[in-house]
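Listed below, chain by chain, are the residues.
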Amino acid sequence: MSSIESVMNETRVFEPAESFKAQANVKGMDGYRALCEQAEKDYEGFWAGLARELLVWKKPFTKVLDESNAPFYKWFDDGEMNVSYNCLDKHLATQPNKIAIIFEADDGKVTKITYKDLYHRVCTFANGLKALGAKKGDRVIIYLPMSIEAVVAMQACARIGAIHSVVFGGFSAKSLHERITDASASLIITADGQFRGGKAMQLKPAVDDALAMGGCECVKKVVVYQRTAGETAWDAQRDVWWHDAVQGQADTCEPEWVNAEHPLFVLYTSGSTGKPKGVQHSSAGFLLHAINTMRWTFDYKDSDIFWCTADVGWITGHTYVTYGPLGIGATQLMFEGVPTYPDAGRFWKMIQDHKITTFYTAPTAIRSLIKLGADLPKQYDLSSLRLLGTVGEPINPEAWMWYYNTVGQTRCPVVDTWWQTETGGHMITPLPGVHGLKPGSCTMALPGIMAAIVDEAGHDVEKGKGGFLVIKRPWPSMIRTIYGDPERYKKNYFPEDLGGKYYLAGDGANCDLDGYFWIMGRIDDVLNVSGHRLGTMEIESALVANPLVAEAAVVGKPHDIKGEAVVAYVVLKGARPEGEDAKKIVADLRNWVAKEIGPIAKPDEIRFGDNLPKTRSGKIMRRLLRALAKGEEITQDVSTLENPAILEQLKEVVK
Ligand code: WT7
């Protein structure tokens, strides 16, 4: 909290240039205030107006917000539409030959696909899925690398009303298994492998391993896109090549018209228990916000070339790769590889080569790009850029300033967008033609988003005082439930202590005297490592599943590049290891966590103790562990501690 308080002393304000403001979709504070007032005066009318303007309806809705079964809210519930129709067919009359996706492969090969071609690709694949037995309401797991095919697979599911659940390619077989069984998926779409940094890596073996773990009788077929063309283990009963699945299929496919509330997807994310939550989103409300934020936050213009660097395995990739850009009819870039290959100038070269106008990435990526070469952007022509964005974690003012000065050449507003897997799209963010920017602040809530900061009892706190970030009214793109666990949804997001009506984001925040929001980080046991959400309990369960481990506690500590690093305190069943022994066990445990969850969850540091610091009632004192991780002297009262001597042991990091 001390670092955020120093951040809040930030006095620099960067006002939008008059020239930007003049062309912006939302113009100036007046434009912003007018929209906010409209939403306050007639909340339902405000959202209904946007839904009529931005979506094509097969059957128009007559009801707007249904709160009768709160907090299970429904939006536009008697309307019918199809998300894929709204992303593809809608554009066929006006811009069939506009490029929808520019795909740059790891090796630099560029493929471009028009809206018309993409439409046919999606229809053909949708027909292929139907031929394999997929139908409305089925859950389909997508485990694919960044590719046009990933977008085609997601859109094809939307087209037939199947509910996709994309699993990030960096997750392990075990994580994949957990998601397949939780969703009881009937179909999996994957690839033989993927290219990253000049190397081919296999992907399908993780699917084979997951299915071999048992309990996956639900899965009938596995569709495999051939990307690396290496050797692939094959189950002739179950596995189908993508190219065979589309063979002979018609290239048009009548969309499945679904209710506005029909689930579009389930995306798993970490919470404060060991088990990831399946965040379920709707069709119409989700797409509405995706399109509208493209227009407001990214100030979308027809001539833009948009690049969001997120993988489709995360919510950012869902909203700002697969749905938002296509829904609004944009040309966007998709990238298969990594920012460091063939060299650290890759991102800047791609911005130059593809004349990117709008660039959206994570603070962790910005910090690592600074480290790789703070002056590198100057070697490239970045004059096409007009807007920059960040997402995923708080951005430190130094990184913000570098992004603004060196990448944006002081010409481009930086939109620091605060949102979550659960919110579906941006919630608190500057509008580029409106807000004066304060480095490190995500500024103000979007019109129609009733963000506030409250205390433990749900009462508004004074400006300048920190508290819990809540959203006071339901909004169209909000989470609908946790798949298969409505009780957890209710308890987790609408706690009774706050009155049961406010959406609790799980972040601590502060609102300064100018009404600017500052996010202070999670208030629960969730870490944010390189913009990825990880539950401490999830990593702890993975560690204790190892036969050597008796007990484990995981905390975060500040990290220059990743934002937060994972520190694990481990008690072995045997003696506390030392020297080479300790080193070997650390390596083994890190690999173990990579296998249990995925490489992103590997502890950065492991420390061994004969025990963990506990109170007399046996509760682990995480507060102490966090202080130890930061290398702070323990000044707090440790008199309630059962075993104070442990603290000395836990200071030692195995190097
Ligand atoms: C958590 C949500 C939203 C897509 C990527 C992450 C943190 C997100 C910001 C920001 C400060 C941010 C919050 C939030 N977060 N954006 N601009 N400033 N913190 O989605 O994995 O669901 O994580 O990321 O702590 O609760 P997610």
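Keep in mind the model is a prediction, meaning the values are calculated, not measured. (Residues numbered from 1 in each chain as written. Predicted model: local features only at pLDDT ≥ 70, side-chain atom pairs only at ≥ 80, totals over all residues. Heavy atoms only, no water.)

**Let's talk about the environment of Val571**
Within the secondary structure, Val571 is located in strand S29 (residues 563-572). Residue class for Val571 comes out buried when judged on its relative accessible area of 7%. Val571 sits 536 residues away from Leu35 along the chain, and the two C-alpha atoms are 56 Å apart. Beyond its immediate chain neighbours, meaning those up to four positions away, Val571 contacts Val549, Ala550, Glu551, Gly609, Asp610, Asn611 and Leu612. (Helix = DSSP H or I, 4+ residues; strand = E, 2+ residues; numbered from the N terminus. Buried < 20%, exposed > 50% of the residue type's maximum accessible area, 1.4 Å probe, protein only. Contact = heavy atoms within 4.5 Å.)

**Brief notes about the pattern of salt bridges**
When charged atoms on two side chains of opposite charge get close, those side chains can pair. On inspection of all chains with the given rule, the structure shows 38 salt bridges. Between Lys583 and Glu580 there is a salt bridge; the shortest N-O distance is 3.5 Å. Of this pair, Lys583 and Glu580 both sit in helix H18 (residues 579-596), separated by 3 residues, roughly a single helical turn. When its relative accessible area of 40% is taken as the criterion, Lys583 is described as partly exposed. For Lys630, the salt bridge goes to Glu632, with nearest N and O atoms at 3.6 Å. Here Lys630 falls in the partly exposed class, since its relative accessible area comes to 48%. Connected through salt bridges with shared partners, the residues Lys204, Asp208, Arg238 and Asp239 form a single ionic network. (Salt bridge = Lys/Arg side-chain N within 4 Å of Asp/Glu carboxyl O.)

**Describing H18**
Here H18 spans 26 Å end to end across 18 residues, near enough to the 26 Å set by a 1.5 Å rise per residue. Along H18, the positions that sit buried rather than exposed are Ala582, Ile585, Val586, Leu589, Val593, Ala594 and Glu596. Close packing links the buried residues of H18 with helix H8 (173-183), helix H17 (536-544), strand S28 (549-559), S29 and strand S30 (605-608). With its phi angle positive at about 160°, Gly598 sits one or two positions after the end of H18. (Expected span 1.5 Å × (residues − 1).)

**Focus: the confidence of the model for the protein chain**
Caution applies to low-pLDDT regions: their predicted coordinates should not be interpreted in detail. On average, the protein chain scores 96 in pLDDT, and the residues at 70 or more come to 99%. When pLDDT is averaged over each element of the protein chain, helix H7 (residues 148-160) comes out on top at 99 and helix H1 (residues 2-7) at the bottom at 52. Reported for the predicted complex are a pTM of 0.96 and an ipTM of 0.99. (pLDDT = per-residue confidence, 0-100.)

**A look at the UniProt feature "modified residue: N6-acetyllysine" (unreviewed entry) in the protein chain**
Annotation from UniProt places "modified residue: N6-acetyllysine" (unreviewed entry) at Lys619. Tracing the chain through its elements places Lys619 in the loop between S30 and helix H19 (622-629). (UniProt positions renumbered as here; feature names shortened; annotations may be inferred.)

**Comments concerning the sheet that holds strand S19 (residues 387-391)**
With mixed pairing, the 7 strands of this open sheet are ordered in space as S5-S4-S17-S16-S18-S19-S20. Two strands bound the open sheet, and with one partner strand each, they are strand S5 (110-114) and strand S20 (414-417). Between one strand axis and the next, the sheet turns through 20° on average, direction left out of account. Pairing of S19 with S20, which is carried by 4 bridges, proceeds in the parallel orientation. Along S20, the bridge assignment pairs Thr390 with Asp416. Where H7 meets the sheet, it contacts strand S4 (99-104), S5 and strand S17 (331-335), and its direction lies at approximately 135° from that of S4. (Pairing = 2+ DSSP bridges. Axes fitted to C-alpha atoms, helices over the stretch in contact; angles between N-to-C directions.)

**So, the nonpolar core**
Trp47, Phe76, Leu118, Ile189, Val570 and Phe608 are the most contacted members of the largest nonpolar core, which totals 166 residues. The biggest single contributor to this core is H7, with 10 residues. Among the domains, domain 1 (450-522) and domain 2 (530-651) are the pair contributing at least three residues each to this core. What Phe608 contacts, discounting residues up to four positions off in sequence, is Val570, Leu572, Arg576, Pro577, Ala582, Ile585, Val586, Leu589, Gln649, Leu650 and Val654. Of all hydrophobic cores here, the second largest spans 31 residues; its members include Phe335, Phe347, Ile351 and Trp402. (Core = buried A, V, L, I, M, F, W, Y, C linked by side-chain atoms within 4.5 Å. Domains from an automatic or database assignment.)

**Overview of the UniProt feature "domain: Acetyl-coenzyme A synthetase N-terminal" (unreviewed entry) in the protein chain**
Under the local residue numbering, the UniProt record ascribes the feature "domain: Acetyl-coenzyme A synthetase N-terminal" (unreviewed entry) to residues 32-87. Secondary structure over residues 32-87 splits into 48% helix and 11% strand, and the C-alpha atoms at its two ends are 27 Å apart.

**So, the sheet that holds S29**
Judged by pairing direction, the sheet is mixed, and its 3 strands sit side by side in the order S28-S29-S30 without closing on themselves. At either margin of the open sheet sits one strand with a lone partner, and together these are S28 and S30. Averaged over neighbouring strand pairs, the angle between their axes works out to 25° when direction is ignored. Alignment of S28 against S29, held across 10 bridges, turns out to be antiparallel. Paired with Glu551 across the bridge in S29 is Val571. The sheet contacts of H18 involve S28, S29 and S30, and relative to S30 the element is tilted by about 130°. This element, H19, spans S28, S29 and S30 of the sheet and lies at about 55° to S28.

**Let's talk about the site of the ligand**
Neighbouring the ligand are 17 residues; Asp416, Thr417, Thr421, Asp507 and Arg533 lie closest to it. Between Pro394 and the ligand, the recorded distance is 3.4 Å, taken from a backbone N or O atom to a nitrogen atom. Here an oxygen atom of the ligand sits 2.8 Å away from a polar atom, N or O, in the side chain of Arg533. Taken by itself the ligand offers 550 Å² of open surface, and the protein chains cover 95% of this. Among the secondary structure elements, those contributing two or more residues to the shell around the ligand are helix H12 (315-328), S20 and strand S25 (517-522). A per-class count over the shell around the ligand returns 6 nonpolar, 6 polar and 5 charged. (Near = heavy atom within 4 Å. Polar contact = N/O pair within 3.5 Å; in protein donor to acceptor, adjacent residues only side chain to side chain. Areas by Shrake-Rupley, 256 points an atom, 1.4 Å probe, with all protein chains shown as cover. Nonpolar A, V, L, I, M, F, W, Y, C, P; charged D, E, K, R; others polar.)

**What to know about the packing of aromatic side chains**
One pass over the full model with this rule turns up 40 aromatic pairs. Where Phe298 meets Tyr360, the ring centres are 4.7 Å apart and the plane angle is 70°; that geometry is what we call edge-to-face. Taken together, the residues span a long stretch of sequence, with Phe298 in the loop between helix H11 (284-296) and strand S16 (305-308) and Tyr360 in strand S18 (residues 358-361) at a distance of 62 residues. With respect to class, Phe298 is no different from Tyr360; both count as buried. Taken together through their ring pairs, the aromatic side chains of Tyr43, Phe46, Trp47, Trp57, Phe61, Trp75, Phe76 and Trp296 make up a single cluster. Taking the ring centre of Phe171 as reference, the NZ or CZ of Arg179 above it sits at 4.5 Å. Lys438 extends its terminal NZ or CZ atom over the ring of Tyr516, reaching a point 4.5 Å from the ring centre. (Phe/Tyr/Trp six-rings, centres within 6.5 Å; stacked < 30°, edge-to-face > 60°. Lys NZ or Arg CZ within 6 Å of the ring centre and 35° of its normal.)

**Considering the packing of helix H4 (residues 43-54) against H11**
Their axes nearest at 10 Å, the elements H4 and H11 cross at an angle of 85°. When the axis of H4 is compared with that of H11, the two are roughly perpendicular. Touching Phe46, Trp47, Leu50, Ala51, Glu53 and Leu54 of H4 are Leu288, His289, Ile291, Asn292, Arg295 and Trp296, all from H11. For the contact of H4 with H11, the per-class residue count stands at 8 nonpolar, 2 polar and 2 charged. (Parallel < 35°, antiparallel > 145°, perpendicular 65-115°, else oblique.)

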